[in-house]
Amino acid sequence: MLKVESLVKVYASPDGTVPAVRGVSFTVPQGAFFTLLGPSGCGKTTTLRCVAGLEQPSGGTISIDGTVVADPARGIHVPAYRRDIGMVFQSYAIWPHMDVFGNVAYPLRVARKRPPRAEIRERVMEALRLVGMDAMAARSATKLSGGQQQRVAFARALVRHPKLLLLDEPLSNLDAKLREQMRFELQELVARVAITTLYVTHDQSEALAMSDNVAVMSDGIIVQSGPPRDVYTKPRDAFVAAFLGAANFLKAEVVQRTGAQSALVAIEGGSGRFSVTLPPGIAAGDHIEIVFRPEDAAIHFAPMGGDDLVQGLVERLSFQGGSTECYLRIGGTIVRAILHPAIETTNGAAAWLRIDPARCVVYAPGQGR
Amino acid sequence: MTAVAQEAAASTPDPGRRWGELGIAGVLVISLTVLAALYLISAPLIMLLTTAFRGPQDLLPFEPGAIWTFENLRAVYLDTKLYTSVIPNTLIFTAGSVSLTFVLAFTLAWLVERTDLPWRTTVFTIVLFPLLVPGVVLAIAWIFLLSPNTGWVNVALRGVLGLTGSGPLDIFSMGGMILAQGVGLVPFVFLLLSAALRSMNPSLEEASSASGASPLVTFLRVTLPVLRPGILAPLILATLVTLEQFEIPLVIGFPARINVFSTRIYFELNTDSDLPAYGKAAAVALPFLVGGILLLLLYNRAIRRAEHFVTVTGKGYRPSRFALGRWKLPAILFIVIYLAIAAVLPAVVLVWASLFGYGVPSWPTLGTASFAAYAGLFASGKFWGAVGNTFLVAGSSAAIVTVIGALLAWTILRTRLPGRFVLDFVSFMSLGIPSVIAGLAAMLLYLSLPIGLYGTVWVLVLAYSYRMAVASRLGRAALMQIHAELEEASYTAGGGWATTIRRIVLPLLAPSLVASFVLLFILGFREFTLPTILQSPDNTVLSVIMWQLFQSNQTAQAAAVGTMIVLFVVPVIFAMRRLLLAQDGKD
Ligand SMILES: Nc1ncnc2c1ncn2[C@@H]1O[C@H](COP(=O)(O)OP(=O)(O)OP(=O)(O)O)[C@@H](O)[C@H]1O
Ligand SMILES: [Mg+2]
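Everything numeric in this text was worked out from a predicted model, so none of it was measured. (Residues numbered from 1 in each chain as written. Chains lettered and ligands numbered in written order. Predicted model: local features only at pLDDT ≥ 70, side-chain atom pairs only at ≥ 80, totals over all residues. Heavy atoms only, no water.)

**Description of the overall build of chain B**
On a plain count of helices and strands, chain B comes out with 27 helices and 2 strands. Residues classed as buried in chain B amount to 53% of the 587 residues present. Here the analysis covers contacts within chain B between residues at least 6 apart in sequence; of these, 77% occur between residues at least 24 apart. Approximately 25300 Å² of chain B is accessible, and the part contributed by carbon and sulfur atoms is 70%. (Helix = DSSP H or I, 4+ residues; strand = E, 2+ residues; numbered from the N terminus. Buried < 20%, exposed > 50% of the residue type's maximum accessible area, 1.4 Å probe, protein only. Contact = heavy atoms within 4.5 Å. Areas by Shrake-Rupley, 256 points an atom, 1.4 Å probe, with all protein chains shown as cover.)

**Observations concerning the confidence of the model for chain B**
Residues and elements named next belong to chain B. Averaged over all residues, the pLDDT of chain B is 80; the fraction at 70 or higher stands at 88%. Across chain B, helix H8 (residues 174–184) holds the top mean pLDDT of 91, while helix H1 (residues 2–11) sits lowest at 37. pLDDT under 50 marks residues 1–15. Its contacts with residues more than four places away, or in other chains, come to 19 contacts. Across residues 311–317 the pLDDT falls below 50, and counting only partners more than four positions away or on other chains, this stretch makes 20 contacts in the model. Here the prediction assigns the complex a pTM of 0.75, and the interface score ipTM is 0.74. (pLDDT = per-residue confidence, 0-100.)

**Notes on the sheet that holds strand E4 (residues 59–64) of chain A**
All names here are of chain A. What the 5 strands build is an open sheet, ordered E2-E1-E4-E5-E6; its pairing is antiparallel. Two strands bound the open sheet, and with one partner strand each, they are strand E2 (16–28) and strand E6 (76–77). As judged from the 10 bridges shared by strand E1 (residues 2–13) and E2, these two strands associate in the antiparallel manner. Paired with Ala12 across the strands is Thr17, a residue of E2. Helix-sheet contacts for helix H1 (residues 44–52) involve E1, E2 and E4, and the interaxial angle to E1 is about 115 degrees. (Pairing = 2+ DSSP bridges. Axes fitted to C-alpha atoms, helices over the stretch in contact; angles between N-to-C directions.)

**What about the domain arrangement of chain A?**
Residues and elements named next belong to chain A. In terms of domains, chain A is made up of domain 1 (2–243) and domain 2 (248–363). Taking the mean C-alpha position of each, domain 1 and domain 2 sit 40 Å from one another. Each partner contributes to the interface: domain 1 provides 9 residues, whereas domain 2 provides 7 residues. The junction of domain 1 with domain 2 conceals about 710 Å² of combined surface from both sides, 50% of it contributed by carbon and sulfur atoms. The largest contributions to the domain 1 side of the interface with domain 2 come from Tyr232, Ala238 and Ala241, which together make up 55% of the buried area. Remark: the boundary between domain 1 and domain 2 carries 0 salt bridges. Where domain 1 meets domain 2, there are 5 residue pairs in polar contact (both at pLDDT 80 or more). Of all the secondary structure elements, the ones that give two or more residues to the side of domain 1 that touches domain 2 are helix H7 (228–233) and helix H8 (238–244). Considering each element in turn, the side of domain 1 that touches domain 2 owes the most residues, 3 residues, to H8. For the side of domain 1 that touches domain 2, the residue count by class is 5 nonpolar, 1 polar and 3 charged. (Domains from an automatic or database assignment. Buried area = accessible area lost by both parts, 1.4 Å probe. Salt bridge = Lys/Arg side-chain N within 4 Å of Asp/Glu carboxyl O. Polar contact = N/O pair within 3.5 Å; in protein donor to acceptor, adjacent residues only side chain to side chain. Nonpolar A, V, L, I, M, F, W, Y, C, P; charged D, E, K, R; others polar.)

**Here's the deal with the interface of chain A and chain B**
Counting from both sides, the interface comprises 33 residues of chain A and, opposite them, 31 residues of chain B. Taking both sides of the interface into account, the surface hidden between chain A and chain B amounts to around 2700 Å²; carbon and sulfur atoms contribute 59%. Of all residues in chain A, the largest losses of buried area upon contact with chain B belong to Tyr81, His97 and Tyr106 of chain A, amounting jointly to 21% of the total for that side. One salt bridge connects Arg49 of chain A with Glu206 of chain B, and the closest N-O pair in it is separated by 2.8 Å. If you look at where chain A meets chain B, you find 7 residue pairs in polar contact (both at pLDDT 80 or more). Secondary-structure elements contributing two or more residues to the side of chain A that touches chain B are H1, strand E7 (85–88), helix H2 (100–109) and helix H4 (146–158) of chain A. Split by residue class, the side of chain A that touches chain B holds 16 nonpolar, 11 polar and 6 charged.

**Section: the packing of helix H18 (residues 381–414) of chain B against helix H22 (residues 468–481) of chain B**
All names here are of chain B. Contact pair H18 / H22: the axes reach a minimum separation of 7 Å and the direction vectors enclose 50 degrees. Between H18 and H22, the crossing angle belongs to the class labelled oblique. Like other packed secondary-structure pairs, H18 and H22 cross with a definite hand, here right-handed. Contacts from Val401, Thr402, Ile404, Gly405, Leu408, Ala409, Trp410, Ile412, Leu413 and Arg414 in H18 reach Met468, Ala471, Ser472, Gly475, Arg476, Leu479 and Met480 in H22. For the contact of H18 with H22, the class distribution of residues is 11 nonpolar, 4 polar and 2 charged. (Parallel < 35°, antiparallel > 145°, perpendicular 65-115°, else oblique. Left-handed = near helix turned anticlockwise from the far one by under 90°.)

**Quick look at the state of the cysteines**
Residues and elements named next belong to chain A. Applying the stated criterion across every chain yields a total of 0 disulfides over all chains. Unpaired in terms of disulfides, Cys360 finds its nearest cysteine sulfur in Cys326, a separation of 19 Å. Note on Cys360: relative accessible area 7%, which makes it buried. (Disulfide = S-S within 2.5 Å.)

Listed below in structure tokens is the structure:
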């Protein structure tokens, strides 16, 4: 449906050129929800705007539904108003000189084949009903709350049933509670209209909750992409791991290889050994980094024997209601783990950490950022 | 959400302080401020109203022998010339110049703010350049360029087209007046329009593009309507300024025998034969004054609407520029031609005329350059007196108005003084008083008051100081940004009123005070109307000297004064540009 290949965008600025996007490729199948996720300034918005046609790429190709809409090498640039898209802007961009109805009707009214008046009315009301704003059709656009502006922006983007929906951080202007609510509504809405969606955000929980596929961007390139669960559980490097959620990093030394893919390692500054799955090319004696999520760290307070255990001290406890966050000191590092709230323990208590080898990722030094 | 929130915040009444809580110092300062403001604005106006109904016409209203009469009104309003020439001339002049100004200023502002035009900041600076040059300087430069016999442009055109005699263009015509005035007002309107364009959220236009609207449809259905309040306010203001224009109608319109309202008033005071006709001048002024104030009320409504229309939500805002593509060359050409006509040629012709006299440049004349005009000027005590007067009057009136304006703004926003809204209204209305009328009113007042002020520079200082609106509006805008709690924290910490004003409010207001001082200083520096009407041998300022020299055919010296004024203005423009650019943090 949407295909972006080796997209490059270089901005000219007074002091030289800024490479905002440096070769981004991805495809979004029909009806899928695809998210570009990354820290501020990594080039998400730029990529989205190139897809929208608001920005001319410096290189690469973009095709929507089999039609090439941008290919600078061949001199192709279809302007935004000739692309079959709907877009929701970060600032919503609700036109202040029109009422709600006027805003939503606009894409139909300016269409090259303008539908008859009655049909416009019907379709606008349908779009407004979809976002629960049909009662406010006559309201002036300057008298809307943030959440309402956002719904209007959605209705406007969807009213002409575009092939592709583009969303640039549509939730970031809302306060935390409303954001949560709008996230569910948005998810439901997009599912209901079954539209191909390209979504941009820097909020990993939004990305993980809503997407069929996530692409994590950094510095103008896609570092890793895939279904949210894969990217979350198998981050390709420390950057992705840290960006997608809380992560623990432990330094270790390979003691002995136990198979083609597995080895026994010793945690630096701690006692005990772990068996882990190793990427190829790492030999005994090498230093590595083990990355795992807090929810994958099991903590035991009774001394236990055997492998895959490392001993530490409870450094700090933070009761959260539904769970307790427990910070363990192991050598020089602090590891975060989640405890059931019923477990009672105190600062300074001895604890044993167990990690499931299948649920941690190992990097050779240098690969982690 | 932001728009709604802002509205709510704006309409929440400040707690405000009662009269009794201010302390003696506070009561004293505020009372004095209020009295001074009311005096500076309304005393001359009341005098003007009275004069319109007093006669006979050559007597001051309170001179012995003066009586109440409708004679002035009858003489003025039963004269058909008013309806067949003065009113139509005023309307044609205003409509023509404002249209020309708007087409030019909008095109320039759009090119500079919204497209990828090269050298935008440079263009911005040069366009603004004539803003500070007094209108009379520009008017005289236009005469040098376009007078039918010896104007440079006419001589050049005759050479190219093979014509003889005079012409083909004539500055001394309605067309000439419109051209000079229309081009002259471009910098001011450009400044306002570019601010409006800059504060428009470009994603409003992009949303239209993404909805399938072509660039033309987007421009017509989104850009223009969204900008409408931001365009309307400058449009009304420009109409007001043009309506009260005096320099161009005097310098260009008088030889052309085209009278508008402002010159009509002036000629009642400077009749060829009779004594000044005070009563008739005041009678002519009345509808003119009403017109000015009505326009101002309209303006006030327009800016209110503009505030409700706030569209910038901050986040996700990115200035995106329209790629000119193959229109780049025509755009550059337009800018070059405009700048040549509006800024470069007038400056060149002035400098030239100051060195070579009023003639067409040619190779032989190059050898005859002479600094005689400058030498003459520098040797004349009158010139130095005018330099001193100009700075003294502009500086002290700017200081007075800045202080009073800021205190007024504080009183209006932060106290519950009864009648403070009247005060707000009166100070704002001062903007709608045409300066010819302000001059006339001050003349009547200080001629009548037996305190010997008339004819001194101090009468100019007082007359200049009626323009309270600029300072009180700027002060108000700044005060709104300073939360009342900052002051309240000082009161609760034990600071009295005077301490709080001095140690909290003034330091926080400082940037806005500086801005309003600079603005008022510039206005005072450019002023020509008031010192012309109130002129005496002791209080001439630079712009008046230039006009006097020009009238007495000392062209080179007049041009030299003009050049000196321009030389002074250049550094100010650069300082102002830095101020403006720093504020917006743009390219
Ligand atoms: N018009 C422009 N001119 C020059 N540089 C630009 C322009 N627009 C963006 N950039 C630069 O390109 C890079 C990528 O910007 P982009 O807006 O795509 O980031 P983003 O990932 O959307 O960030 P955010 O999460 O903050 O919105 C940034 O370094 C930015 O400074
Ligand atoms: Mg962005």
